[in-house]
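One-letter residues, chain by chain:
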Amino acid sequence: MATKSVIVSGLLSNTANGTVDLTSPGFGAIDAAIIITSYANSTTNPQTHAHITAGFWDGVNSTQASANAFSANGDATTNTKRNRSTTYAISQHSAVESDVTYTTQNTVTAVTDGIRITTTFDNTGVQRYVTAILINGATDVHLGSQNLGTGTSAVDITAPGFKPSLVFITTVGNNTTIGGSQNIFSVGVAHNDSTDTVTQGYVAMYSVDNLSTSVTGSYISNSNTVGQVYNDSVSWEASAGSFDASGFSLTPSASTGSDIVDYLAIELADPDDAWVDVITAATSTGNDATTGVGFQPDIVGLFAPLTTTLDSVTQTGSLHAGVSDGTTDNAYSVTDEDNVATTATSSAHYANNIIVLVDDDGTQNAAATLNSLDSDGFTLNYSDAASSAWQMLAFAIGDSGAAG
């Protein structure tokens, strides 16, 4: 069975026990899902307050997890929070509430050709946008958590019990499932191909809590797959490697203080059914092709901070995520302005773009749609050129055995 992937989107229910089904007719049973949402909603978009959530669903074992981070808008003293959950695929909370009080909690179950997101609790009063990458045809899937300890030796992760081809991973730099102060968030992806060559990368965003002048920033790496970036420096990061029949390893660059990462490990039908790299945003309008993927993708995903430099912290609080399957384009931007006395934060959703890059002051810097899925890659079309060659973590999933 070949690996297949598709993008689906909708609006979260804002009532307890309300549901939304994200389906693709004829797609089949869902083995895994990656879910993205923010504070942007059908009533107010962009929405004040910066909020990003990445959720995972293991359709083989019916487990789920999520990571989220939040920065409040319009405050004289910065007010930020972070949280991870192994109960909810979407869990959002506000910095103006306690660490354990949520604005919405949502679980995922399987339905025909897709997933059902059920709102178990909500006090937002609005319907927030939600987007999911659905994967079918995987050989095996495992959703798990790993405490990285305090050393710098490789941490062997054997819980999957199979050799992953693709791993999505998050952290909020915490060692519990309860949230805490500080907006700390990262999401990454690692690919191990048929020759055991590993390509990986991650993006991160942070905002320091309880300051009279905001300190925010972002980061991108193509040599690690997860990390904690905070207060204008890298606390730790970890690279993925040693993919084998039991799982894979993560090697921290420094003590993590027993921080926990949550990962979604996937054994694809063919190890070459995925691709990961860092690409740059186009500085001119029109088409911009990416080649070397090795197959015609079913879906393309992009994670991007606003920085031109790999492995260097930038004092610009912005993080962007976008996906497309050639039919459905969805993008999210989250901004948290650096060095201001009154916090200026926002969350936005774009229904017709694969990526929209926004400065931390809320000014649009670039915008692109997916023009085509090509035999060896994809082509983006930029309606708004980037002011600089911003770095973007890109990934693609498809059937490497099919003709392009």
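The coordinates are above.
Residues numbered from 1 in each chain as written. Predicted model: local features only at pLDDT ≥ 70, side-chain atom pairs only at ≥ 80, totals over all residues. Heavy atoms only, no water.

**Q** Before we move on, could you go through the overall build of the protein chain and cite the residues and values that matter?
**A** A count of helices and strands for the protein chain gives 0 helices and 32 strands. Taking the principal axes of the C-alpha coordinates as reference, the protein chain spans close to 55 × 45 × 45 Å. When burial is assessed residue by residue, the protein chain has 60% of its 404 residues classed as buried. The long-range share in the protein chain, meaning contacts at least 24 apart out of those at least 6 apart in sequence, stands at 67%. Accessible surface, the protein chain: about 12,700 Å² in total, of which carbon and sulfur atoms supply 42%. Considering the protein chain, the positive charge centre built from 7 side chains and the negative charge centre built from 38 side chains are found 11 Å apart. (Helix = DSSP H or I, 4+ residues; strand = E, 2+ residues; numbered from the N terminus. Buried < 20%, exposed > 50% of the residue type's maximum accessible area, 1.4 Å probe, protein only. Contact = heavy atoms within 4.5 Å. Areas by Shrake-Rupley, 256 points an atom, 1.4 Å probe, with all protein chains shown as cover. Lys, Arg positive; Asp, Glu negative; His and termini not counted. Charge placed at Lys NZ, Arg CZ, Asp CG, Glu CD.)

**Q** Lay out the environment of S318 with the relevant residues and their values.
**A** Tracing the sequence through the fold places S318 in strand β26 (residues 317-324). Here the alpha-carbon distance between S318 and T216, two residues 102 residues apart in the chain, equals 8.5 Å. The contacts of S318, once residues within four sequence positions are left out, are M205, S218, A304, P305, L306, V334, T335 and V358. Here L306 takes part through its backbone nitrogen, which lies 3.4 Å from a polar atom of the side chain of S318. (Polar contact = N/O pair within 3.5 Å; in protein donor to acceptor, adjacent residues only side chain to side chain.)

**Q** Kindly report on the packing of aromatic side chains, identifying the contributing residues and their values.
**A** Following the criterion strictly, the structure yields 7 aromatic pairs and no others. Relative to F395, the ring of F168 lies with its centre 5.4 Å away and its plane at 80 degrees, an arrangement referred to as edge-to-face. Here F168, found in strand β14 (residues 166-171), pairs with F395, found in strand β32 (residues 391-397); they are 227 residues apart in sequence, far enough to count as distant. On the accessibility criterion, F168 (1% relative accessible area) is buried. (Phe/Tyr/Trp six-rings, centres within 6.5 Å; stacked < 30°, edge-to-face > 60°.)

**Q** Give a description of the nonpolar core that names residues and reports values.
**A** Formed by 43 residues in total, the largest nonpolar core has its most connected members in L166, F168, F185, L264 and I266. Residue contacts for F168: discarding those within four places in its chain leaves I34, F56, G188, V189, D262, Y263, L264, I266 and F395. (Core = buried A, V, L, I, M, F, W, Y, C linked by side-chain atoms within 4.5 Å.)

**Q** Let's hear about the pattern of salt bridges: which residues, and what values?
**A** The tally for this structure, following the rule as stated, stands at 3 salt bridges. Residue R116 is joined to D21 by a salt bridge in which the shortest nitrogen-to-oxygen separation is 2.7 Å. Here R116 is found in strand β10 (residues 114-122), whereas its partner D21 is found in strand β2 (residues 19-23), with 95 residues between them in sequence. Using a relative accessible area of 32% as the deciding quantity, one classes R116 as partly exposed. Salt-bridge contacts for K163 lead to D196; the nearest nitrogen and oxygen are separated by 2.8 Å. With K163 in the loop between β13 (155-157) and β14 and D196 in the loop between β16 (183-192) and β17 (198-207), the pair connects residues that are 33 residues apart, well separated along the chain. (Salt bridge = Lys/Arg side-chain N within 4 Å of Asp/Glu carboxyl O.)

**Q** Account for the sheet that holds strand β30 (residues 364-374), with residues named and values stated.
**A** Taken in spatial order, the 4 strands make up an open sheet running β24-β31-β30-β29, and their pairing is antiparallel. Each edge of the sheet is formed by a strand with only one pairing partner; in this case those strands are β24 (286-291) and β29 (355-358). Across the sheet, the mean angle from the axis of one strand to that of its neighbour is 25 degrees, orientation sign disregarded. Note that β29 and β30 share 4 bridges and pair antiparallel. Residue V356 lies in a different strand from β30, and its bridge partner there is A367. (Pairing = 2+ DSSP bridges. Axes fitted to C-alpha atoms, helices over the stretch in contact; angles between N-to-C directions.)

**Q** Mind laying out the sheet that holds strand β28 (residues 345-350), listing which residues take part and the relevant values?
**A** Ordered in space as β4-β28-β27-β26-β25-β32-β23, the 7 strands form an open sheet in which the pairing is antiparallel. Unpaired on one side and paired on the other, β4 (47-48) and β23 (274-280) mark the two borders of the sheet. Bridging between strand β27 (residues 329-336) and β28 involves 6 bridges; their strand directions are antiparallel. Residue pairing for β28: D336 is matched across the bridge by T345.

**Q** Outline the environment of N330, supporting the account with residue identities and numerical values.
**A** Topologically, N330 is positioned in strand β27. Once the C-alpha coordinates of N330 and A132 are considered, the two residues, 198 residues apart in sequence, prove to be 9.5 Å apart. Apart from the residues within four sequence positions on either side, N330 is in contact with S9, T131, A321, G322, V323, H349, Y350, A351, N353 and I354. Polar side-chain contacts of N330 include one of 2.6 Å to the side chain of T131.

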